[in-house]
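Descriptive analysis of the structure
Take a look at the letters that make up each chain.
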Amino acid sequence: MQEDMNQTSYPRIYVEKTLAVIKPDAIHAAEEIEDVIRKSGFIILQKLQLSPGQCCDFYADLYGMPLFPSLTAFMSSGPIIAMTLARDDAIGHWKSIMGPANVTKARETHPGCLRAKYGSSQLKNALHGSASFHAAEKEIKFMFSNSLIEPFPTWEATEEYLSRYINPTLVRGLTELCKQKPLNPRIWLADWLINNDPNQPRIYDGDIVEEKECQEIND
C-alpha cells in the first residue's frame with residue numbers, strides 16, 4: 001500500500017523559447033504581427049516596451065562597428081516591443097516567419113514573410129529574432145532579467161520521456177477506446193486522458209483503506 005501511495009516524479013518536457021522584437025518601423029502593425037505570432041502556434045510568455053537606453057545596451061556587442069550609430073539611433077527613435085515566444089522549434093519557426101534580414105531579398109524569395117510586408121530597408125527591417133539557442137538565452141535574460149531559461153533537452157532525452165511516460169498511457173487509452181467503442185471516440189479519448197493523467201495527484205480515501213485493512217485483520 002505504501003508503494004502505491006508514493007508519488008512518482010515525472011520529468012518535464014521543455015519548450016524552446018526565442019526573443020522577438022518589433023522595431024519602431026513596424027510598431028504601427030504590432031497587433032497584426034502579434035496575431036500572426038499566435039496563429040503560428042506561439043505563446044507570448046512575456047512582453048515589454050524598451051527604452052532608448054536599453055536599445056543601446058542590447059546592441060552593445062556591435063559597438064565600434066560602422067552600423068552601430070545608425071542602428072542604435074533607429075532603434076531608439078520610437079517605441080519597441082520585446083516578447084519571449086515559446087513553441088516547438090521556436091527559434092527556427094520565428095526566423096521563417098520573419099524572413100531574410102535583407103528586405104529586398106525577403107521580397108524576392110519570401111514575399112509572404114513579415115519583413116517583406118513591413119520592412120523598408122536592411123536597417124529598417126521591422127523585426128528581430130534570436131539567431132540561436134545561446135543567443136535566445138542571452139537576449140531573453142537581458143530583456144527579462146528574472147526569466148528562467150531552461151536547458152533545451154536532447155533528442156535522446158525527449159525520446160526517453162515519450163517512451164517512459166507518454167506512450168504507455170496513450171496505449172492504455174487507445175486499448176480502452178477499442179473495447180468501449182464510443183460514439184464519439186475523440187471526445188471519449190480526450191476525457192479518458194484527462195482522468196488518467198499520470199501527473200495528476202492521486203487521492204486516497206483513508207476511511208476506505210482503514211476499513212479494508214480491518215476486514216483483512218478480522219479474516
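As the structure is a computational prediction, the values presented were derived from the model and not from experiment.

Section: the overall build of the chain
Each helix and strand counted, the chain has 11 helices and 4 strands in total. In the chain, which comprises 219 residues, the proportion classed as buried is 33%. Once local pairs closer than 6 in sequence are excluded, the contacts in the chain between residues at least 24 apart make up 70%. For the chain, the exposed surface amounts to about 14,100 Å²; the carbon and sulfur share of it is 55%.

Overview of the packing of aromatic side chains
By the definition in use, this model includes 4 aromatic pairs. Considering the side-chain rings of Phe42 and Trp94, the 6.3 Å spacing of their centres and the 85° angle between planes classify their relative orientation as edge-to-face. Here Trp94 lies in helix 5 (residues 90-98) and Phe42 lies in the loop between helix 2 (30-39) and strand 2 (43-49), a separation of 52 residues in the sequence. Looking at Trp94, the relative accessible area reads 0%, which means it is buried. Linked through ring pairs, Phe58, Tyr59 and Phe142 together constitute an aromatic cluster. A cation sits over an aromatic face here: Arg87 above Phe42, 5.6 Å from the ring centre.

A few points about the pattern of salt bridges
All chains considered together, the criterion is met by 7 salt bridges. Between Glu160 and Arg164 there is a salt bridge, with the nearest N and O atoms lying 3.4 Å from each other. Taken together, the positions of Glu160 and Arg164, both in helix 9 (residues 155-180) and 4 residues apart, correspond to about one turn of that helix. Using a relative accessible area of 43% as the deciding quantity, one classes Glu160 as partly exposed. For the salt bridge of Lys179 with Glu176, the shortest nitrogen-to-oxygen distance reads 3.9 Å.

As for the sheet that holds strand 4 (residues 127-129)
Each strand in a sheet pairs with another by means of backbone hydrogen bonds, the pair being arranged parallel or else antiparallel. Pairing is antiparallel in the open sheet, where 4 strands are placed in the order 2-3-1-4. Among the strands making up the open sheet, the edge pair consists of strand 2 and strand 4. Adjacent strand axes in the sheet meet at a mean angle of 20° when their direction is disregarded. Here 6 bridges tie strand 2 to strand 3 (residues 81-86), and the two strands are oriented antiparallel to one another. Along strand 3, the bridge assignment pairs Leu48 with Ala82.

Concerning the environment of Phe42
Phe42 sits in the buried class, given a relative accessible area of 4%. Taking the C-alpha atoms as reference points, Phe42 and Leu85, 43 residues apart in sequence, are found 6.0 Å from one another.

About the cut-offs
Residues numbered from 1 in each chain as written. Predicted model: local features only at pLDDT ≥ 70, side-chain atom pairs only at ≥ 80, totals over all residues. Heavy atoms only, no water. Helix = DSSP H or I, 4+ residues; strand = E, 2+ residues; numbered from the N terminus. Buried < 20%, exposed > 50% of the residue type's maximum accessible area, 1.4 Å probe, protein only. Contact = heavy atoms within 4.5 Å. Areas by Shrake-Rupley, 256 points an atom, 1.4 Å probe, with all protein chains shown as cover. Phe/Tyr/Trp six-rings, centres within 6.5 Å; stacked < 30°, edge-to-face > 60°. Lys NZ or Arg CZ within 6 Å of the ring centre and 35° of its normal. Salt bridge = Lys/Arg side-chain N within 4 Å of Asp/Glu carboxyl O. Pairing = 2+ DSSP bridges. Axes fitted to C-alpha atoms, helices over the stretch in contact; angles between N-to-C directions.

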